[in-house]
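Survey of secondary and tertiary structure
Each chain, letter by letter, is given below.
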Amino acid sequence: MLSQSLQTDVSRETSEALEHYLQLLKKWSPKINLVAPNTLADAKTRHIEDSLQLLALAPEDAKLWADLGSGGGFPGLAVAIAAKQARPDLIFHLVESDQRKAVFLRTVSRETSTPVTVHAERIEVLPPLSADILSARALAPLSKLFGYVHRHRKSDGVALLMKGGRYAEEVADAERNWAFRAETVPSKTSQDAIVLKIGELTHV
């Protein structure tokens, strides 16, 4: 089952849905490379619990959440499963251009009864989603990621971007072409990671 710390934060129904997601991940990943093979043994913490920390950072008035480059569903699909009871007002869109991974995302959605819309298209050609929240994990450097965020965010939307220890270099590089407000939130699952909460993003 999921770790005790996670179970205390979610309902039994949510915990069971996340556990089923985990089993599907372990079954599918060796075939279509959903996550790095050396992370599967610790996937509960490395992927699911890592993703779930974003839900607490979501603005209370947000309605539409878009996850960019969803891959195996992290963070977007994991958050969507938890949000079914915690934030039933949130609508989730997952963007993943790899057709096989998109099939996996739809399978998890169906088998966990989690309503999400999966877009099997490239982020840069998908019509703007006008999202209140955008999330991404291990997708691209900030300088490139901000272009995707800018395309799909609502004018007052925020981005929750999961980054590793070299995030400061990415921030400095992005500042050459972008103006933005950034809040750094320490990761709850890794000492070397953070969540960047980005707002007021404009191209300069």
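Above this text you will find the structure in question.
Here is a short report on the structure shown in this document.

Calculation rules
Residues numbered from 1 in each chain as written. Predicted model: local features only at pLDDT ≥ 70, side-chain atom pairs only at ≥ 80, totals over all residues. Heavy atoms only, no water. Helix = DSSP H or I, 4+ residues; strand = E, 2+ residues; numbered from the N terminus. Rg over C-alpha atoms; globule rule 2.2 N^0.38 Å. Buried < 20%, exposed > 50% of the residue type's maximum accessible area, 1.4 Å probe, protein only. Contact = heavy atoms within 4.5 Å. Areas by Shrake-Rupley, 256 points an atom, 1.4 Å probe, with all protein chains shown as cover. Lys, Arg positive; Asp, Glu negative; His and termini not counted. Charge placed at Lys NZ, Arg CZ, Asp CG, Glu CD. Pairing = 2+ DSSP bridges. Salt bridge = Lys/Arg side-chain N within 4 Å of Asp/Glu carboxyl O. Axes fitted to C-alpha atoms, helices over the stretch in contact; angles between N-to-C directions. Parallel < 35°, antiparallel > 145°, perpendicular 65-115°, else oblique. Left-handed = near helix turned anticlockwise from the far one by under 90°. Nonpolar A, V, L, I, M, F, W, Y, C, P; charged D, E, K, R; others polar. Phe/Tyr/Trp six-rings, centres within 6.5 Å; stacked < 30°, edge-to-face > 60°.

Here we take up the overall build of the protein. Looking only at helices and strands, the protein has seven helices and seven strands in total. Starting at the N terminus, the α and β elements of the protein follow one another as α-α-α-β-α-β-α-β-β-α-β-α-β-β. In summary, the protein has a C-alpha radius of gyration of 16 Å against a globular reference of 17 Å for 204 residues, a match within 12%. Looking at the 204 residues of the protein, the share that counts as buried comes to 53%. Put simply, of all contacts in the protein between residues at least 6 apart along the chain, 71% involve residues at least 24 apart. Element-wise, carbon and sulfur atoms account for 50% of the exposed surface of the protein, whose accessible area totals about 9800 Å². Distance from the positive charge centre (25 side chains) to the negative charge centre (25 side chains) of the protein: 5 Å.

Next up on the list: the pairing of strand β1 (residues 64-68). On a regular strand, each side chain points to the face opposite its neighbour's, so the side chains alternate between the two faces of the sheet. Across the five residues of β1, five count as buried, placing the element largely inside the fold. Residues L64, A66 and L68 line one face of β1 and the alternating positions W65 and D67 line the opposite face, and both faces are buried. Bridge count between β1 and strand β2 (residues 91-95): five bridges; the pairing is parallel. Within β2, the residue paired with L68 across the bridge is V95.

Quick look at the pattern of salt bridges now. Summed over the entire model, instances satisfying the criterion amount to 11 salt bridges. E124 is the partner of R122 in a salt bridge, and the nearest nitrogen-oxygen pair spans 2.9 Å. When its relative accessible area of 48% is taken as the criterion, R122 is described as partly exposed. The salt bridge partner of K154 is D132, with a shortest N-O separation of 3.5 Å. Of the two residues, K154 sits in strand β5 (residues 153-163) while D132 sits in strand β4 (residues 131-137), which places them 22 residues apart along the sequence. Given the relative accessible area of 36%, K154 is considered partly exposed. Taking relative accessible area as the criterion, D132 reaches 13% and is therefore assigned buried.

So, on to the packing of helix α2 (residues 12-32) against helix α5 (residues 99-111). Running from N to C, α2 and α5 point in directions that differ by 160°, and their axes come no closer than 11 Å. Taken together, the axis directions place α2 and α5 in an arrangement best described as roughly antiparallel. For the pair α2 and α5, the crossing hand works out as right-handed. Residues H20, Y21, L24, L25, W28, K31 and I32 of α2 pack against R100, K101, V103, F104, T107, V108 and E111 of α5. For the contact of α2 with α5, the class distribution of residues is eight nonpolar, two polar and four charged.

Another point: the packing of aromatic side chains. For the coordinates displayed, the defined rule picks out six aromatic pairs. Relative to F74, the ring of Y21 lies with its centre 5.3 Å away and its plane at 20°, an arrangement referred to as stacked. Here the residue Y21 occupies a position in helix α2, and F74 occupies one in the loop between β1 and α4 (76-86), the gap between them amounting to 53 residues. Classification of F74 as buried rests on a relative accessible area of 5%. Members of the aromatic cluster, joined through ring pairs, are Y21, W28, F74 and F104.

Attention now moves to the sheet that holds strand β6 (residues 178-186). The seven strands are arranged β3-β2-β1-β4-β5-β7-β6 in an open sheet whose pairing can be described as mixed. Whereas interior strands pair on both sides, the edge strands pair on one side only; in this sheet they are β3 (117-119) and β6. In this sheet, neighbouring strand axes are inclined to one another by 20° on average, regardless of whether the strands run parallel or antiparallel. In terms of strand pairing, β5 meets strand β7 (residues 194-203) through five bridges, oriented antiparallel. Bridging from a neighbouring strand, M162 pairs with V195 of β7. Across the sheet, helix α6 (residues 142-152) is in contact with β1, β4, β5, β6 and β7; its angle to β5 comes to roughly 145°.

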